[in-house]
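# Coordinates in review
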Amino acid sequence: MNQNSSAQREFNILLVEDSEDDAVLTQYAFRGVPVRYKLHIVGDGIEALEFLRKQGSYSDTPRPDMILLDLNMPRMDGREFLHEIKHDEHLKAIPVVILTTSSADSDVMNAYQSHAAAYMTKPFGLDVFSRNIRRFVDFWLSDTARLPSSAAMA
Amino acid sequence: MRFFRDISIRYKITLLLLLVVSVVLLAVSIANVIGEVRTTRSSLVTKYSTLAKIVAAHSGAALSIADIDPSSAQEIIDDLSVEPSIIDAALIGLNGDEVVHYPSDSSDRRTSRDVGDLGARFTDDGFLEVMQQVRLNNNSHVGHIYLRASIEELHTKVYQTIVIASAVYILALVIALLLSFALQRLISTPILQLAELTRRVSTEHDYTLSAEHHGSDELGMLCQGFNSMLSEIRRRDDELMRSNDELKQFAFVASHDLQEPLRSVTSFCNMLQMECQSDLSPEAMGYLDRIIKGIARMKALVTDLLNYSRVSREEQVELERVELRNIVGEAIVNLHSSIESSRAQIFCGELPRVYGDRSQLVQVFQNLIGNAIIYRGPRPPQIHIEVTRKHKYLEIAVRDNGIGISPEHYERIFEIFKRLHNRSKYPGTGIGLAVCRKIVERHGGKIWVESKPDQGSVFRFTLPNCIEEHQDEPEQLSAARI
């Protein structure tokens, strides 16, 4: 167990995902990761923006350390949402990792062009998915990559 | 007869007109010649008969005294020298003996003649003989007059007539020929235009052309019919394209959207396996396993369908110059795990540049090499890839030493979802070769197989050749939208 301050830090992760099934699976995959985290789930881009801007029914939400973003959603899909927050001065620093079933080259390219931090596909089997989520946590939320501190984020 | 059938209608019409004219003219000319000849003959007969009659009319007295004094009779008969065609003539007494003869020194002098038939007749040796009675003024019969004339002038006249008629005939034919050829245009030109249009539509597949003809005869109807057929083709074409597009879109969307729930089912089955082991009997775990495997197969099918529909969906195949070396290399990399586990060996001959879509060509090689590995025999797969340069295209052969295919299945295997073997024996969805065929055909090529059971297979396909090696600008060719 590392003594880094990030090990004690509780990460707020916003999962933007319209499929309930996928939300359940993602939550399951996060179980057992060696960090403290809180997974906030919203169903589409509009809700996500409300969450981030503390609007509507989301008045007292924390600022997420990372956003896990699905691409294909109703009302406002991942692409539009990404474009929106990367043009928002206050929100654009939050790293966004795409988490989607699509492996289309065009989707990958567009995501990075719109300043996504990374692109992950949802694999078919649960074991592989769990492994990938563990690796994700290992990279972003451990001592490999650094995220802005909570103080800086406020 | 076949010759006539195959020459252009221009020449047909001309020849027909010419034939009519020449037959008619020939008949006319012949009738003309015959008429001339007969006229000439009868005028000759008239001429010498008249001459004989006139002389006969004036020689009655002289003939009646010719026994005693033939001199006046001789004088009269000698006057016939006026007509040079008269060969000889004679005045004949009642007893049939010649009294006087003209010319006087003729060798044809005969003492008696047969006075039988009166009138004129043409002899077999080419003369005209005339025999007339000589009577006195009181109508008593005193003898006969005989004339023999040459019919040279008849022969000459016949010859002349024939020559002139022939010349006129030939001249008329020439005029008829020129006139026919000029006039046949009236009929043939619109027909030829329509034929040319038809040819263009067939070769260029351009159904937007139309025939112009403003008459309301059968030709006009033909042009109208032609145009309405073309517009019918265009209409059906458009409809087909539209419905095709819809179908492709449908297939794409369906196969794309089908993946989501498959993933859910598989993942939750996985969850059951991982979290509920203590709650489930071994049988239940077994069933779960079968469920997961079933879904995996469905996923493979759906992925392949998606792939297949993606290949047909693209608007145009963008052809660029690509290196077959790199393409085969990438396919091999994608297959590396099955290559390793089957200990497959792949040999390549010269792999040149080609015009094609890179990712689609990788798919083709991946499918063909992949199949060679799957359908292997007892020995490790040995795969040979050879390229032969043909005139305007390349022929690529992928040869294996696998289980082979019997001839009655040669076409079937390229159909979508048609497999020859049990899934458990040889894995696969039955879409690989269908995709290959689609891709190859969109590149303008063909794909086929040569094989015998247990003797391996050779899959051959053609691709457009890279025309110039030294061109600097990579040309972008687009295949027609299929």
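Per chain, residues are indexed from 1 in the order of the written sequence. Throughout, the order in which chains and ligands are written sets their labels, letters from A for the former and numbers from 1 for the latter. Residue-level local features of this predicted model are given only where pLDDT is at least 70; pairs of side-chain atoms are given and counted only at 80 or more, and the full residue set underlies all totals for whole chains, interfaces and linings. Calculated side-chain values reflect all of the structure's heavy atoms, with hydrogen atoms and water omitted.

A few words on the overall build of chain B. Think of it this way: any DSSP run of H or I at least four residues long counts as a helix, any run of E at least two long counts as a strand, and we number them from the N terminus. Within chain B one finds 13 helices and 13 strands. Classification of residues uses two cut-offs on accessible area relative to the type maximum, computed with a 1.4 Å probe and protein chains only: under 20% is buried, over 50% is exposed, and between them is partly exposed. Across the 482 residues in chain B, those meeting the buried criterion constitute 37%. It only takes one pair of heavy atoms within 4.5 Å for two residues to be counted as in contact. Excluding contacts between residues fewer than 6 apart, the proportion of contacts in chain B whose partners are at least 24 apart in sequence is 65%. We get accessible surface area from the Shrake-Rupley algorithm with a probe of 1.4 Å; when it comes to residues, only the shown protein chains can shield them. When the accessible surface of chain B is summed, it comes to about 28,600 Å², and 57% of that surface belongs to carbon and sulfur atoms.

Quick look at the interface of chain A and chain B now. Tallying the contact residues gives 16 residues for chain A and 15 residues for chain B. Buried area is calculated as the accessible area (1.4 Å probe) missing from two parts once they are joined, with the contributions of both summed. Taken over both partners, the interface formed by chain A and chain B buries close to 1,400 Å², and the fraction arising from carbon and sulfur atoms is 60%. Salt bridges are counted wherever a side-chain nitrogen of Lys or Arg sits within 4 Å of a carboxyl oxygen of Asp or Glu. Here chain A is connected to chain B by two salt bridges. A salt bridge links A:Asp22 to B:Arg263; the nearest nitrogen and oxygen atoms lie 2.4 Å apart. Any pair of N or O atoms that falls within 3.5 Å is considered a polar contact. Within protein, one atom must be able to donate a hydrogen and the other to accept it, and sequence-neighbouring residues count only if both atoms are side-chain atoms. For the pair chain A and chain B, the number of links is six residue pairs in polar contact (both at pLDDT 80 or more).

Take the environment of A:Leu71 next. Its location among the elements puts A:Leu71 in the loop between β3 (66–69) and α4 (78–86). A C-alpha to C-alpha distance of 7.1 Å links A:Leu71 and A:Ile98, two positions 27 residues apart in sequence.

Attention now moves to the nonpolar core. Considering soluble globular proteins, one finds that nonpolar side chains tend to be buried as a cluster. For this analysis, a nonpolar core means a set of buried residues of the types Ala, Val, Leu, Ile, Met, Phe, Trp, Tyr and Cys, connected via side-chain atoms within 4.5 Å. Judged by nonpolar contacts, the single largest core of 41 residues is most densely connected at B:Leu324, B:Phe365, B:Leu368, B:Ile385, B:Ile396, B:Phe459 and B:Phe461. Elements supplying a minimum of two residues to this core: α9 (282–313), α10 (324–334), α12 (358–374), β9 (382–389), β10 (393–400), α13 (432–442), β11 (447–451) and β12 (457–464) of chain B. Per element, the largest residue contribution to this core is eight residues, and it comes from α12(B). Not counting the four nearest positions on each side in its chain, B:Ile396 is found in contact with B:Leu324, B:Phe365, B:Ile385, B:Glu386, B:Val387, B:Phe459, B:Arg460, B:Phe461 and B:Leu463. Counting 26 residues, the second largest nonpolar core, distinct from the first, contains A:Leu25, A:Leu39, A:Val97 and A:Met120.

All names here are of chain B. Whether two strands pair depends on DSSP finding at least two bridges between them. Within the open sheet, the five strands sit side by side as β2-β1-β5-β4-β3. Their pairing is antiparallel. Whereas interior strands pair on both sides, the edge strands pair on one side only; in this sheet they are β2 (98–102) and β3 (119–122). Across the sheet, the mean angle separating the axes of adjacent strands is 15° when strand polarity is ignored. As defined by bridge partners, strand β1 (residues 86–92) adjoins strand β5 (residues 141–150) across six bridges and the pair is classed as antiparallel. Paired with Leu-91 across the strands is Ile-145, a residue of β5. As a rule, the C-alpha atoms of each element are fitted with a line to give its axis, helices using only the stretch in contact, and angles between N-to-C directions run from 0 to 180 degrees. Packed onto the sheet, helix α2 (residues 9–58) meets β1, β3, β4 (127–135) and β5 and runs at close to 30° relative to β4.

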